[in-house]
Structure formats: C-alpha cells, structure tokens
Amino acid sequence: MKFYIFKLPRKTFGIISLFILTLAWTLLKIPSSDIQTLGKYEPIYEGRNNKKIIAFTCNIAWGNEYIPPLLEVFSDNDIKATFFIEGRWAENYPDLLRLIHNKGHEIGNHGYSHAHHKQLSYEENLNEIKKAESIIQEITGKKTTLFAPPYGEFSDLTEKAANAMNYHMIMWTIDTIDWKKPGVDYIINKVLDNAGNGKIVLMHPTEETVRAMPTIIENLHQQGFKITTVGELLSEE
C-alpha cells in the first residue's frame, strides 16, 4: 500500500487555517442551546398523509361567549382539539382557560399580545412566547410546546426563537377564515372540500363556527377521518 503526501503552498495553508479558526470562533460565540436547536424544527402545515387523521385547531384571543358552546359540540362528539391561547387573554379569563384544559383539550401557545411576530426582534419573539408560556403554565400546570404565531406571520427570527425554546411552530392547511363571518355554509364547504389525510384546520370561536361544526364533524366521521389534536397528529410522524 502506498501513501501519498501532498504539500500545500504556504499561502493556501494559511487561508485554510484562518477559515477553521474563524468557524471555531463563530461556534463559540453562539449559545450551546441555539447550536442544538437552530433549524431543528420547520413550520408545520400538515402531517403525513398515510392515515385518515385531521387535526382541529382554534386560536383564542376573543369570542368568549362562543367557547362554552364550541366545547359542548366537541364533548358531544368525543373530540379533542388544540387550542392556541393568547397569554394576555389567559390573564384576563383564567376560568375559561381552565374550562378548556379540564375538558381534556390540548393547549398551545399563541404569544402574549397577538403581536405581528414577523416584525419582532429575536429577543421580542422569545419574550412573547415565554410570557404566554409562563401565564398558561401557572393556570393549567402544564408547559406549552406548540406555538401558533398570530396572523400566521413569522420570520427567520421567529423560527429561531421557537427552536431555541424547543417549540414546534404550527400553521394550517385549511383556513376557515371564520373571523370574517363568511357564513356557515362557506365554513362547512371550506373544510369538507379540502379535507385530507394529515390536514390541520384553523378556526376561531365564532357563532358561525359553532353552527358549522356538527355538520363538519358528522361528514368527516362518515368519510372515516379521526379528528384529533396537533400533538397526536405529530406523534403519528
């Protein structure tokens, strides 16, 4: 067996050494937690399509009067959904948050103040998530691990902040746009026409949503879909 030794020009060797030193210094400047989590999770718009599972999500920052009837519809149909909770709302209405939690639904993080996260710095993104997490955990006793940015807006800094805190950032596949009050039939058709394996449905607590849910649930069940939480959808991964 022959071994070959290659001699690099002194200038080339110096450039390579400088690059290695620069890379090492850069890694040392990044907190270890960020190195471990940077880019760990991508925003999730849906799960895999190998099982007939659909996740229901509901963003909560208003609509208090429609939360109990929506929970009743879910209870009547033995459904658990994921509720993304605004921290500021949780501060003002802890009893409603406890009601959602006590019904066995999954609780996610919707930031503290319904900010436009795309416009926030890294530290501001972190603080929004952390503050909501702290309030929700104080009320429910559980730490959130799923984050849904308000308005569906985020930047690379939002992703980095969520990753640094080991959060999955959750988006959606089917947007009911129920907050626009498009009508019960529109909400029903929007979900049923776009239903599919691994889809994530976004809704809010509105009168039209409550009225549309029984028909949506009945039809999805007839098609063989299991309606569940985002957490269970991800566990199927």
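Right, let's walk through the structure included here. (Residues numbered from 1 in each chain as written. Predicted model: local features only at pLDDT ≥ 70, side-chain atom pairs only at ≥ 80, totals over all residues. Heavy atoms only, no water.)

### Side note on the packing of aromatic side chains
To describe a pair of aromatic rings, one takes the distance between the centres and the angle between the planes. Scanning the model with the defined rule gives three aromatic pairs in all. Ring centres of Phe-56 and Phe-74 lie 6.2 Å apart, and the angle between their planes is 45 degrees; this geometry places the pair in the tilted category. With a gap of 18 residues between them, Phe-56 in strand E1 (residues 53–60) and Phe-74 in helix H3 (residues 67–76) connect regions that are remote in the sequence. Here Phe-56 falls in the buried class, since its relative accessible area comes to 0%. For the pair Phe-74 and Phe-83, a centre-to-centre distance of 6.3 Å together with 70 degrees between the ring planes defines the contact as edge-to-face. With respect to class, Phe-74 is no different from Phe-83; both count as buried. The ring of Tyr-122 carries the charged tip of Lys-160 above its face, separated from the ring centre by 4.8 Å. (Phe/Tyr/Trp six-rings, centres within 6.5 Å; stacked < 30°, edge-to-face > 60°. Helix = DSSP H or I, 4+ residues; strand = E, 2+ residues; numbered from the N terminus. Buried < 20%, exposed > 50% of the residue type's maximum accessible area, 1.4 Å probe, protein only. Lys NZ or Arg CZ within 6 Å of the ring centre and 35° of its normal.)

### Focus: the nonpolar core
Ranked by size, the top nonpolar core spans 40 residues in total, and within it Phe-56, Phe-74, Phe-83 and Ile-85 carry the most contacts. Once residues within four sequence positions are removed from consideration, Phe-83 is found in contact with Cys-58, Ile-60, Leu-70, Leu-71, Phe-74, Ile-100, His-105, Glu-106, Ile-107 and Gly-108. (Core = buried A, V, L, I, M, F, W, Y, C linked by side-chain atoms within 4.5 Å. Contact = heavy atoms within 4.5 Å.)

### Topic: the environment of His-105
Residue placement: His-105 occurs in the loop between helix H5 (94–102) and strand E3 (106–109). Considered as a pair, His-105 and Thr-82 are 23 residues apart in the sequence and their alpha carbons are 6.0 Å apart. Excluding anything up to four places from it in sequence, His-105 contacts Leu-71, Phe-74, Ile-79, Lys-80, Ala-81, Phe-83 and Ile-100. Within the structure, His-105 has its side chain in polar contact with the backbone nitrogen of Ala-81 (distance 3.0 Å). (Polar contact = N/O pair within 3.5 Å; in protein donor to acceptor, adjacent residues only side chain to side chain.)

### A look at the layout of surface pockets
Counted as a void, the largest pocket has a volume near 310 Å³. Taken together, 20 residues form the lining of the largest pocket, with Asn-59, Tyr-151, Trp-179, Leu-202 and His-204 sitting closest to its centre. A per-class count over the lining of the largest pocket returns 13 nonpolar, six polar and one charged. If you add up the space inside the second largest pocket, you get close to 170 Å³. For the second largest pocket, the full set of lining residues is His-101, His-105, Glu-106, Ile-107, Ile-136, Thr-140, Lys-142, Lys-143, Thr-144, Thr-145 and Leu-146. Sorting the residues of the lining of the second largest pocket by element identifies E3 and helix H6 (122–140) as the ones contributing at least two each. (1 Å grid on protein atoms, 1.4 Å probe; cavity = no way out; pocket = protein on both sides within 12 Å on 5 of 7 lines; lining within 4 Å. Points joined across faces, edges and corners; volume = space filled by probe spheres on them. Nonpolar A, V, L, I, M, F, W, Y, C, P; charged D, E, K, R; others polar.)

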